[in-house]
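# A closer look at the structure
What follows is each chain in one-letter form.
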Amino acid sequence: MEIKDRILVVEDDKRIGNFFRTVLEANHYDVIMAQTGAEAYSLITSQCPDVVLLDLGLPDMDGMKILKSVREWSAMPVIVVSARTHERDKVEALDLGADDYITKPFGTSELLARIRTAIRHTRTACFNQNGAASGLFVSGDLTIDYDKHRVYKEGKDVGLTQNEYKIVSLLGKYAGKVMTYDYIIKEIWGPNMKSDNRILRVNMANIRRKIEKNPAEPQYIFTEVGVGYRIVEPD
Ligand code: CA
């Protein structure tokens, strides 16, 4: 018997909700729906969905409140789907522990790709509880060797510095997911480092020079302007 992943859609706009249901059911997900924050709370605890798609503008509360409270007890993947396009909202959602952030309007294939990524990350998190990355990350001509702490392009060591390697391996560990500037800075330089993007930008420019064919049009590490960086999914 096929076990379907269950997705909770939290969305008060019926038209958008129905769109989600149609698309997700056509792609073999089990869909449950909530139109208010209160309904969402009750379904999250009673149905234990594999992924939550969370609208922020709900009639009875701000979706951020739901995200915050879920994160107090669960690593359940939450993808924020919102009409709020401001960078500040994206950063806030990601810093509160959202797995991803999609801005309305969005394409179906983008939505499905983000859902697959979110589900895969929870699985990985379950199997590798100490969180240490090991083995290889391979995407196109790019390889991260987590055991040797080296990055190769077309089989050649690109010669990253220690910090450059740390940045690339951190992104690789969460491939497909956007990591905020602030999160990366704190992970690499420690919690006392002030959130100054300049040093990170310099490191990223050097990384791109070493791994990208054309650093101005990156194929491997993308910039989410004002938010952070995202590395491609492995092959
Ligand atoms: Ca809404």
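Our structure's up above, just so we're on the same page.
Now for a quick tour of the structure. Numbering of residues starts from 1 in every chain and runs along the sequence as written. The model is predicted, so local features are restricted to residues of pLDDT at least 70 and side-chain atom pairs to those at 80 or more, both for listing and for counting; the totals for chains, interfaces and linings are taken over all residues. To obtain the side-chain values, all non-hydrogen atoms of the structure were used and water was disregarded.

## Examining the packing of aromatic side chains
What counts, and what does not: Centres within 6.5 Å make a pair out of two Phe, Tyr or Trp rings, where for Trp the six-membered ring is used; the pair is then stacked when the planes are under 30 degrees apart, edge-to-face when over 60, and tilted otherwise. Per-residue accessibility, obtained with a 1.4 Å probe over protein chains only, is compared with the maximum for each type, and a residue is labelled buried under 20%, exposed over 50%, and partly exposed between these values.
Per the counting criterion, the structure on display carries 4 aromatic pairs. Considering the side-chain rings of Phe 19 and Phe 20, the 6.1 Å spacing of their centres and the 50° angle between planes classify their relative orientation as tilted. Residue classification places Phe 19 among the partly exposed residues on the basis of a relative accessible area of 34%. On the accessibility criterion, Phe 20 (1% relative accessible area) is buried.

## Describing the pairing of strand S6 (residues 136-139)
Going by this rule: The numbering of helices and of strands both runs from the N terminus, where a helix is a DSSP run of H or I of at least 4 residues and a strand a run of E of at least 2. Strand pairing requires that DSSP identify at least two bridges connecting the strands.
Residues Phe 137 and Ser 139 point to one face of S6 and are all buried, whereas Leu 136 and Val 138, pointing to the other face, are not buried. Taking the residues that link successive antiparallel strands as the turn, the S6-strand S7 (residues 142-145) hairpin has 2 residues, and the phi of Gly 140 there is positive, at about 55°.

## So, the side chain of Asp 55
We apply this condition: For the purposes of these results, a polar contact is taken to be a pair of N or O atoms within 3.5 Å, where, inside protein, one atom must be able to donate a hydrogen and its partner to accept one; residues adjacent in sequence count only when each atom of the pair is a side-chain atom. Whether two residues touch is decided by their heavy atoms; if any such pair falls within 4.5 Å, the residues are in contact.
Within the fold, Asp 55 resides in the loop between strand S3 (51-54) and helix H3 (63-71). Looking at Asp 55, its side chain comes within polar contact range of the side chain of Lys 104, at 3.3 Å. Asp 55 has contacts with Val 10, Glu 11, Asp 12, Gly 63, Val 81 and Lys 104, leaving out every residue within four places of it along the chain.

## Description of helix H7 (residues 181-189)
We count it as follows: It is the directions from the helix axis to the C-beta atoms whose arc is reported.
Those residues of H7 lying buried are Tyr 181, Ile 184, Ile 185 and Ile 188. Each buried residue of H7 lies within a common arc of 100° when the element is viewed along its axis, so the set occupies one face. Contact partners of the buried residues in H7: helix H6 (162-173), strand S10 (179-180), helix H8 (197-211), strand S11 (221-224) and strand S12 (228-231). Downstream of H7 by one or two residues, Gly 190 has phi in the positive range, about 95°.

## What to know about the sheet that holds S7
Here is the rule we go by: Axis definition: a line fit to C-alpha positions, over the contact stretch in the case of helices; interaxial angles, taken between N-to-C directions, run 0 to 180 degrees.
Within the open sheet, the 4 strands sit side by side as S6-S7-S8-S9. Their pairing is antiparallel. Two strands bound the open sheet, and with one partner strand each, they are S6 and strand S9 (156-157). Across the face of the sheet, H6 comes into contact with S6, S7 and strand S8 (150-153) while running at roughly 100° to S7.

## Considerations on helix H1 (residues 14-26)
Note on helix geometry: an α-helix contains 3.6 residues per turn, so any two residues three or four positions apart are oriented the same way. Put simply, the rule reads: One fewer than the residue count of a helix, multiplied by 1.5 Å, yields its expected span.
The end-to-end C-alpha distance of H1 is 18 Å, a good match for the 18 Å that 13 residues give at a rise of 1.5 Å each. Within H1, the full set of buried residues consists of Gly 17, Phe 20, Val 23 and Leu 24. Down the axis of H1, the smallest arc covering the buried residues is 135°, so these residues share one side. Opposite the packed face of H1, turned more than 90 degrees from it, sit the exposed residues Lys 14, Arg 15, Thr 22 and Ala 26. With a side-chain oxygen lying 3.0 Å from the backbone nitrogen of Arg 15, the N-terminal cap of H1 falls on Asp 13.

## Describing the pattern of salt bridges
Pairing between side chains of opposite charge can happen when the charged atoms of each approach one another. Selection rule: A pairing counts as a salt bridge when a side-chain nitrogen of Lys or Arg comes within 4 Å of a carboxyl oxygen of Asp or Glu.
Per the stated rule, a full pass over the model turns up 15 salt bridges. Across the salt bridge formed by Asp 141 and Lys 213, the nearest N and O atoms sit 4.0 Å from each other. You can see Asp 141 sitting in the loop between S6 and S7 and its partner Lys 213 sitting in the loop between H8 and S11, a full 72 residues away along the chain. By relative accessible area, Lys 213 is classed as exposed at 60%. Connected through shared salt-bridge partners, Asp 100, Glu 110, Arg 114, Glu 224 and Arg 230 make up one network.

## What to know about the environment of Pro 234
Note that Pro 234 resides in the segment after S12. Of the residues examined, Pro 234 reaches a relative accessible area of 34% and is grouped as partly exposed. Between the C-alpha atom of Pro 234 and that of Gly 176, which follows or precedes it by 58 residues, the distance is 8.5 Å. Contacts of Pro 234, omitting those with residues within four sequence positions, involve Phe 137, Val 138, Ser 139 and Ala 175.

## Comments concerning the nonpolar core
This is how the line gets drawn: What makes a nonpolar core is a set of buried Ala, Val, Leu, Ile, Met, Phe, Trp, Tyr and Cys residues whose side-chain atoms join them at distances within 4.5 Å.
Residues Val 151, Leu 171, Ile 184, Ile 221 and Ile 231 are the most contacted members of the largest nonpolar core, which totals 27 residues. Elements that contribute at least two residues to this core include exactly S7, H6, H7, H8 and S12. In terms of residue count, H6 provides more of this core than any other element does, 5 residues in total. Residues within four places of Leu 171 in sequence aside, it is in contact with Met 179, Ile 184, Met 204, Ile 221, Tyr 229 and Ile 231. Within the second largest apolar cluster, 22 residues are counted, among which are Leu 8, Ala 34, Met 64 and Tyr 101.

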